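# Observations on the three-dimensional arrangement
So the chains spell out like this:
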Amino acid sequence: MTTMLTRRAFVVGAPLALAACSAQPVWAPDAAVNAAVYRSNGPSALTLFTVKNVSSGNGAHSGLLIDAEQRVLFDPAGSFKATSTPERNDVLFGFSPAAERAYISFHARIEFYVVIQKVTVSPAVANQALRLALANGAEPKAHCSRSISGLLTQLPGFDAVGSSWFPNNLSDDFAGVAGVTTREVREQD
């Protein structure tokens, strides 16, 4: 009898538990995405944002700005929302410099700061990153670094990056990519 109750509990509880692990898909309409497309005049690049706790230095979130044929933010499991950046499953379109500043300011505050690591890449590598981000799908909470590291490990020139669940590990690996520049943003509000 106990075994039967355990099985019933599993059959009833498993779908609920799995639902908590899935992400809610978001799909902005074509008109909104097409109207928001932003193309920069700069070189193709990938920029890793790592949000860190001021007190402990622990990583709290990762996001990847992809400057390819268009500029988007791959923000798996992220909570940043802006009317100027329509979203399709963790990819935010129309990521202009103003949207980038808003994203950084959204995360940088008294308790957190943002480490920004940027590397110039070929247009082919940037466009491959864009295709991978678009194909990824929505991610559940706490999957940001795993998703981004999984994307980066598929790109040529990113051999230094290993798969990781932890923002600090991803940031440390990204620092090993040739040509990366790093800066920090701290805010007090």
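So, here is what we can say about the structure in this document. (Residues numbered from 1 in each chain as written. Predicted model: local features only at pLDDT ≥ 70, side-chain atom pairs only at ≥ 80, totals over all residues. Heavy atoms only, no water.)

## Things to note about the pairing of strand S2 (residues 59–67)
- Judged by how many residues are buried, S2 sits mostly within the fold: 7 of 9 residues are covered.
- Inspection of the sheet shows strand S1 (residues 45–53) paired to S2 by 8 bridges, in the antiparallel sense. Looking at S2, one finds that Lys52 is bridged to Gly59.
- As judged from the 4 bridges shared by S2 and strand S3 (residues 71–74), these two strands associate in the antiparallel manner. In the sheet register, Leu65 faces S3, and the bridge partner there is Leu73.
- Taken together, S2 and the strand that follows it, S3, pair antiparallel across an intervening segment of 3 residues. (Buried < 20%, exposed > 50% of the residue type's maximum accessible area, 1.4 Å probe, protein only. Helix = DSSP H or I, 4+ residues; strand = E, 2+ residues; numbered from the N terminus. Pairing = 2+ DSSP bridges.)

## Some thoughts on the nonpolar core
- Counting 28 residues, the largest nonpolar core has Leu46, Leu64, Ile66, Leu152 and Phe158 as the members making the most contacts within it.
- Counting residues per element, the ones that place at least two in this core are S1, S2, S3, helix H4 (123–136), helix H5 (144–152) and helix H6 (167–175).
- Residue contributions to this core peak at 5 residues, all from H4.
- When sequence neighbours within four positions are dropped, the list of residues in contact with Leu152 reads Leu46, Leu64, Phe158, Val161, Leu170 and Phe174.
- Within the second largest apolar cluster, 15 residues are counted, among which are Phe80, Ala99, Ala108 and Ile116. (Core = buried A, V, L, I, M, F, W, Y, C linked by side-chain atoms within 4.5 Å. Contact = heavy atoms within 4.5 Å.)

## Quick word on empty space enclosed by the protein
- The full count for this structure, using the stated rule, is 1 cavity of 30 Å³ or more.
- Looking at the largest cavity, its volume works out to about 30 Å³.
- What lines the largest cavity is Asp75, Gly78, Phe80, Lys81, Glu87, Asp90 and Leu92. (1 Å grid on protein atoms, 1.4 Å probe; cavity = no way out; pocket = protein on both sides within 12 Å on 5 of 7 lines; lining within 4 Å. Points joined across faces, edges and corners; volume = space filled by probe spheres on them.)

## Observations regarding the packing of aromatic side chains
- As enumerated under the stated definition, the model contains 6 aromatic pairs in all.
- Note on Phe80 and Phe106: the rings are 5.5 Å apart at their centroids and 75° apart in plane angle, and the pair reads as edge-to-face. In this pair, Phe80 is assigned in the loop between S3 and strand S4 (87–88) and Phe106 in helix H3 (residues 97–107), connecting sequence segments 26 residues apart.
- Under the relative-accessibility criterion, Phe106 is labelled partly exposed at 36%.
- For the ring pair Phe95 and Tyr103, a centre distance of 6.0 Å and an interplane angle of 75° mean the geometry is edge-to-face.
- Among the residues examined, Phe95 registers a relative accessible area of 0% and is labelled buried.
- The buried category is assigned to Tyr103, whose relative accessible area is 1%.
- Connected via pairs of aromatic rings, a cluster forms that spans Phe49, Phe80, Phe95, Tyr103 and Phe106.
- The cationic tip of Arg146 hangs over the ring face of Trp165; the distance from NZ or CZ to the ring centre is 5.5 Å. (Phe/Tyr/Trp six-rings, centres within 6.5 Å; stacked < 30°, edge-to-face > 60°. Lys NZ or Arg CZ within 6 Å of the ring centre and 35° of its normal.)

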